[in-house]
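Topology and contacts: notes
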Amino acid sequence: MQKICRKKPKVDYDMSISGIVKSIQDIMRKDAGVDGDAQRIGQLAWMLFLKIFDDQEKEREIREENYISHIPEHLRWREWAGKDEGITGEKLLDFINNDLFKTLKELPGDEAAVQIIRNVFEDSNNYMKNGTLIRQVINKINEMDFNRSEDRHLFSEIYDKILKDLQSAGNAGEFYTPRAVTRFMTEMTDPKLGEIVMDPACGTGGFLTCTIDHKQNNYVKGPKDLAILQKSVFGIEKKQLPFTLCVTNMLLHGIEAPSQIRHDNALRGGTNSISDKDRVNVILTNPPFGGQEEDGIEKNFKANLQSRETADLFLVLIIRMLKPGGRCAIVLPDGTLFGDGIKARIKAHLLEECDLHTIVRLPNGVFNPYTGIKTNLLFFTKGKPTEEIWFYEHPYPEGCKSYSKTKPMRIEEFEPEKAWWHERAENEHAWKLDFKKIKADALSRAKPHWDESEAAGAAAMNLEAQVRSVTKDIAELKKADEKKNKKKIKDLENQQRQIQNEAVALREKAKLAKEAGDAVYWHIYNLDMSNPHQAAAEKRDSEKMLKEYKTLLKDIAEVRDQLKQELMNALGGGAA
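To keep things clear, this report deals only with the structure shown in the data block. Since we're looking at a predicted model, the values are computed, not measured. (Residues numbered from 1 in each chain as written. Predicted model: local features only at pLDDT ≥ 70, side-chain atom pairs only at ≥ 80, totals over all residues. Heavy atoms only, no water.)

**A look at the overall build of the chain**
Quick reminder of the rule: Helix and strand assignments follow DSSP, with helices taken as H or I runs no shorter than four residues and strands as E runs no shorter than two, numbered in order from the N terminus. Partly exposed describes any residue whose relative accessible area lies between the buried limit of under 20% and the exposed limit of over 50%, with all areas from a 1.4 Å probe on protein chains only and scaled to the type maximum. All accessible areas in this document rest on Shrake-Rupley with a 1.4 Å probe, and a residue is counted as covered only by the protein chains that are shown.
A tally of helices and strands in the chain yields 18 helices and nine strands. Among the 576 residues that make up the chain, the fraction classed as buried is 47%. By element, 51% of the accessible surface of the chain is carried by carbon and sulfur atoms, the whole surface being about 29400 Å².

Take a look at the structure:
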């Protein structure tokens, strides 16, 4: 057995965060079993979980005299990874694959900590094939003591950098929301100490960690408050990689047993499974958009609100999950704002059940390089219908034309929105939509069409009843003596066709009238509103340019006439 003998180095707090991350990634790149950023992050996730979990257990062993670990002794990080002289090479690889993973995936017990461990290892993988390289990664991780505040602070930055790398890790980018966005949404929603906060599509836990930081900075005053905080954040994540990263993130942020993070699909039970006890005070989330759910998931939602699109179903679910007076901030794409059909019905449900008071329109590229789709931040409170909606168009910072991995959105950019939030007035970026007035106007204009449709439909129904009656009479005449009643039958058949044609015409009239009413009414649920101040500015600019153009044409004409006159004078002089 090859032994690694080394003295543990002290952490260099001046070392760049990027340098530490890069050194770990460089080691993993040498391993043939790890392919791409997503697998590198997945590999690191379970290793960090065990290291942080073990450091927290060390702390609990000091605080709690009879503390017993839920992990078998020989599988605890300190036993196989934390010693100065640790196993390496093929022996380490065999231990991880055939003992560590197999045992922790099937760890017996119903305790919260056991369930967390099982869930973390349930679908995790050891991608690395080289035991010596694994030991090198372990040695890097062992430079951190997560019970030291300096190490914890340093690694919090490292961990966020690791999570940020998900943005460029293919489809895994959907699990990371830029920290400027999560912080702004959390601060504006302002979850209080005792309020239950849920993210039903929690990804790597960005909104939950922002909530923890927000409560600690604003509401936690002592140990009792900290105990309340521990039980106030909940999350659900469908995919294994972000679930593991989220659980580790919770441990890193002081949540000792993050059993409130479930490895599940929040949409699976639909709205039918949510009772009053399941409802929460605050929801902060960025659900996946652009994708579709597996067959049958939508059947657990009301028939008029069923959709296959993931973001649509999450919006319906969230409305149901909120308590009366509950608040939500959610990231949604432009497609949700301008979508019609089922999307319009879902928005109508939202605006009837909740007060959608604010929509912050983000520019392109906030989620680069994962997606360039334009997104919006919707803020609403459950309990009363929407009467007015404020829009705020977030501009690029001065000198910036787009965001990128190296030039991401910064929290400082939201300072104008924060200053405007509680003292709202229209300005070059903000405008208000009087939705109550628009809806009332649309209803008054759509009602005559709907009334006409209803009347035509009722008339058609009456005629269809006559058709059935005539059909019955024809059948009775045929049964009695078809030959003798031939003329009567023929007259009734002509009458039947005439009535049927009138009924069909009325049905078409009812359909067209309803479509006309719907076109007037449902258009109000297109919330893809352009900035009217920008449009006015562009109009002023175009009017100014047109005026300048006309002046230029006039000047050109004058110069042309002057040159023409001078030429004629010159030619006239030459002839003389």
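Moving on from the coordinates now.
**Some details on the environment of E493**
This is how it is decided: Residue contacts follow a heavy-atom distance rule, with two residues in contact if any of their heavy atoms lie within 4.5 Å.
Within the secondary structure, E493 sits in helix α17 (residues 486-521). On the basis of relative accessible area, E493 is assigned to the partly exposed category, the value being 25%. It is 9.6 Å that separates the C-alpha atoms of E493 and V467, two residues lying 26 residues apart in sequence. In this structure E493 touches I474 and K478, once residues within four positions along its chain are discounted.

**A word on the packing of helix α5 (residues 112-122) against helix α11 (residues 240-252)**
Counted only if it meets this: Only the stretch in contact is used when fitting a helix axis, every axis being a line fitted to C-alpha atoms; angles between N-to-C directions are given from 0 to 180 degrees. For a crossing to be left-handed, the near helix must be turned anticlockwise from the far one by less than a right angle; the clockwise case is right-handed. Asp, Glu, Lys and Arg are counted as charged, while Ala, Val, Leu, Ile, Met, Phe, Trp, Tyr, Cys and Pro are counted as nonpolar; the rest, among them Gly, fall into the polar class.
With their axes 9 Å apart at the nearest point, α5 and α11 run at an angle of 140 degrees to one another. Here α5 and α11 pass one another in a crossing that is left-handed. Between α5 and α11, the contacting residues are I116, N119, V120, F121 and E122 on the first element and Q240, F243, T244 and V247 on the second. Class assignment for the residues of the contact of α5 with α11 results in five nonpolar, three polar and one charged.

**Observations regarding the packing of aromatic side chains**
Quick note on the threshold: Two rings belonging to Phe, Tyr or Trp (six-membered ring only in the last case) form a pair when the distance between their centres is within 6.5 Å. Interplanar angles under 30 degrees mark stacking, angles over 60 mark edge-to-face geometry, and anything in between is tilted. Both a distance and an angle decide whether a charge sits over a ring: NZ of Lys or CZ of Arg must be within 6 Å of the ring centre and within 35 degrees of the ring normal.
Taken as a whole, this structure holds 21 aromatic pairs when the rule is applied. Ring geometry for Y396 and Y403: centres 5.3 Å apart, planes at 55 degrees, overall tilted. Assessed through its relative accessible area of 26%, Y396 is described here as partly exposed. Linked through ring pairs, F184, F379, W390, Y392, F414, W420 and W421 together constitute an aromatic cluster. Across the ring face of W421, the terminal group of R424 is positioned such that the distance to the ring centre comes to 4.6 Å.

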